[in-house]
Structure formats: C-alpha cells, structure tokens
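Okay, here's what each chain looks like letter by letter:
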Amino acid sequence: MSISLDRPKRKKISSFGIIYMGEEEHNVSVKNISINGLLVQINSDRKYIDIKYIFNQLLVSTIIDIYLPEMRLAGEVQIVRADMEGNHILLALEFRNMAFEIEEILNRRKAYRKNMSYAGKILLKGLHIEFTTVNISLEGLMIQILEPVVVEEGIATNFQCKQFELEGKVEVIWVDAGSKEETLIGLKYIHLEKNTLKLPRFAT
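Keep in mind that what you see is a predicted model, and the values were worked out from it rather than measured.

Quick notes on the overall build of the protein
Then, number 1: Counting its regular elements, the protein contains two helices and 13 strands.
Then, number 2: Considering the protein as a whole, with its 204 residues, one finds that 42% of them fall into the buried category.
Then, number 3: Within the protein, contacts between residues at least 6 apart in sequence are counted, and of these 54% link residues at least 24 apart.
Then, number 4: A total of about 11,900 Å² of accessible surface is found on the protein, and carbon and sulfur atoms cover 47% of it.

Printed below as a string of structure tokens:
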C-alpha cells in the first residue's frame, strides 16, 4: 500500500521505539522524523509479520499507538504509507495525538496511559456521579468530574464505563480538587468484572 503525500523535510536519525498494532507490541527503528511524522522500520522475527499482515491491520484502523523512549514521545499516529525495503517493512507515520513532554512519566508508571474521553459513573458517598475519562491504561484511569467533589485518597469504590464494558472496583490514588469547576481523580483497578480494553502496556 502506498499513499503519496506532500510532506516537510525529514531529518535522518537513529533511534528506536514500540508500536501497538493488531493487539500486539512491535519493536521499530526510527529512520527519519519531521514536525508532522516519522518513518519507522518494523523489527520482528515473527514470520507472519509481512506486508499482507500490515494491509489487514489497515482494514481495521490506520491509527496505532507508539512510544519513543529516547525522544520522550508517546501517543497516536496514523499509518499513511507502507513499503518494503529488502526484507524489511517501512511505515510512514503521521502524528495525531501525541504527548511531547512526557519526561519520565512512562518510566514511573507501570503502563502507558492513552488519552481517551468517554463517559462513565463512579460511586462516591452513596451517589453515582458522572465523569469523563481523561486517560486510560491497563492498570487504571484518570477521570474528570465537572464539579468540586471531596474524596479521600485510598478509598475503594465501584465505577462503570459502558463504552468499554469496563466495570468493577477501583482505589482512589490521588485527588486534585483545586478548581471550583472540576475535580480530577486518579484511579487504580482493584477488580474488574467487565473489561474489553485493548491497549498497549509500553512498560520499560
């Protein structure tokens, strides 16, 4: 598959990263980068990873997740071109939803958090309060409640996010109630009764 695009000048570099595609993590080498995207080479000894595999994944979605530890970049990219160079698969990727200043957040966390905004409900002080997710990982989530809420860190409670059939018990890890208009809460899964999340871990 090949799509021609007008693109800014790309700088050759030698770096590495991980992409999440087909519900699997794949190591990649970064060949060049520009302000809009980058070119990577898939490094895999799995025989089924070929151009047909890439094409089948593109039929599902052209958006994939990426983590570039040396450049401290993480987030979503779009596959805009796939080519073969010898026995290697090259992917031209365009930045979509990236965090450019993650510093060492990914190294401190056990799992990559993906920015996703979906509605849910959490039980606090006997009330089911509506929230919107800020980001989600395989181990927890950050939520936004559009009102000031007093919550104690360390408590366990129930939550539900129908978009992912995500439901169960969580622990309140931290609370940011500094705004009169919203409350941000970090939650860690204790037990999930339902879970259809398909996310990378990108742990280092």
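Quick word on the packing of aromatic side chains
Then, number 1: A complete count under the given rule lists five aromatic pairs for this structure.
Then, number 2: Centre to centre, the rings of Tyr 67 and Phe 202 are 6.0 Å apart; their planes meet at 35 degrees, and the pair counts as tilted. One end of the pair, Tyr 67, is in strand β4 (residues 63-68); the other, Phe 202, is in the segment after β13 (183-194), and 135 residues separate them in sequence.
Then, number 3: Ring geometry for Phe 159 against Tyr 189: centres 6.3 Å apart, planes inclined by 15 degrees, an arrangement best described as stacked. Of the two residues, Phe 159 sits in strand β11 (residues 156-161) while Tyr 189 sits in strand β13, which places them 30 residues apart along the sequence. As far as burial versus exposure is concerned, Phe 159 and Tyr 189 are alike and both buried.
Then, number 4: Feature note: the residues Tyr 67, Tyr 112 and Phe 202 constitute an aromatic cluster, connected by ring pairs.

Focus on the side chain of Thr 183
Then, number 1: Within the secondary structure, Thr 183 sits in strand β13.
Then, number 2: For Thr 183, the side chain forms a polar contact with the main-chain nitrogen of Val 149, separated by 2.9 Å.

Re the pattern of salt bridges
Think of it this way: side chains of opposite charge can pair up when their charged atoms draw near.
Then, number 1: For the structure on display, the rule yields seven salt bridges.
Then, number 2: With its nearest N and O atoms 3.9 Å apart, the salt bridge here joins Lys 198 to Glu 23. Linking Lys 198 in the segment after β13 with Glu 23 in the loop between β1 (11-21) and β2 (24-33), this pair joins segments that are 175 residues apart in sequence.
Then, number 3: The exposure class assigned to Glu 23 is exposed, which follows from its relative accessible area of 54%.
Then, number 4: Among the ionic pairs, Arg 96 bridges to Glu 94, the shortest N-O distance being 2.8 Å.
Then, number 5: Ionic contacts of the salt-bridge type, sharing partners, join the residues Asp 65, Glu 76 and Lys 114 into one network.

Here we look at the sheet that holds strand β6 (residues 88-99)
Then, number 1: Spatially, the six strands close up into a barrel ordered β1-β2-β3-β6-β5-β4, and their pairing is antiparallel. Each adjacent strand pair in this sheet contributes to an overall mean axis angle of 45 degrees, direction not counted.
Then, number 2: Bridge count between strand β3 (residues 37-43) and β6: five bridges; the pairing is antiparallel. The partner of Gly 37 across the bridge, within β6, is Glu 94.
Then, number 3: This element, helix α1 (residues 51-60), spans β1, β2, β3, β5 (73-85) and β6 of the sheet and lies at about 130 degrees to β5.

Some details on α1
Then, number 1: For α1, the full list of buried residues reads Tyr 53, Ile 54, Gln 57 and Leu 58. Projection of α1 onto a plane perpendicular to its axis shows the buried side chains occupying an angular sector of 140 degrees, all on one side. Facing away from the buried surface of α1 by more than 90 degrees, the exposed residues are Lys 52 and Leu 59.
Then, number 2: Against the buried residues of α1 lie β1, β2, β3, β5 and β6.
Then, number 3: N-cap assignment for α1: the residue whose side-chain oxygen lies 3.2 Å from the backbone N of Lys 52 is Asp 50.

Thresholds, definitions, all that
- Residues numbered from 1 in each chain as written.
- Predicted model: local features only at pLDDT ≥ 70, side-chain atom pairs only at ≥ 80, totals over all residues.
- Heavy atoms only, no water.
- Helix = DSSP H or I, 4+ residues; strand = E, 2+ residues; numbered from the N terminus.
- Buried < 20%, exposed > 50% of the residue type's maximum accessible area, 1.4 Å probe, protein only.
- Contact = heavy atoms within 4.5 Å.
- Areas by Shrake-Rupley, 256 points an atom, 1.4 Å probe, with all protein chains shown as cover.
- Phe/Tyr/Trp six-rings, centres within 6.5 Å; stacked < 30°, edge-to-face > 60°.
- Polar contact = N/O pair within 3.5 Å; in protein donor to acceptor, adjacent residues only side chain to side chain.
- Salt bridge = Lys/Arg side-chain N within 4 Å of Asp/Glu carboxyl O.
- Pairing = 2+ DSSP bridges.
- Axes fitted to C-alpha atoms, helices over the stretch in contact; angles between N-to-C directions.
- Arc of directions from axis to C-beta.

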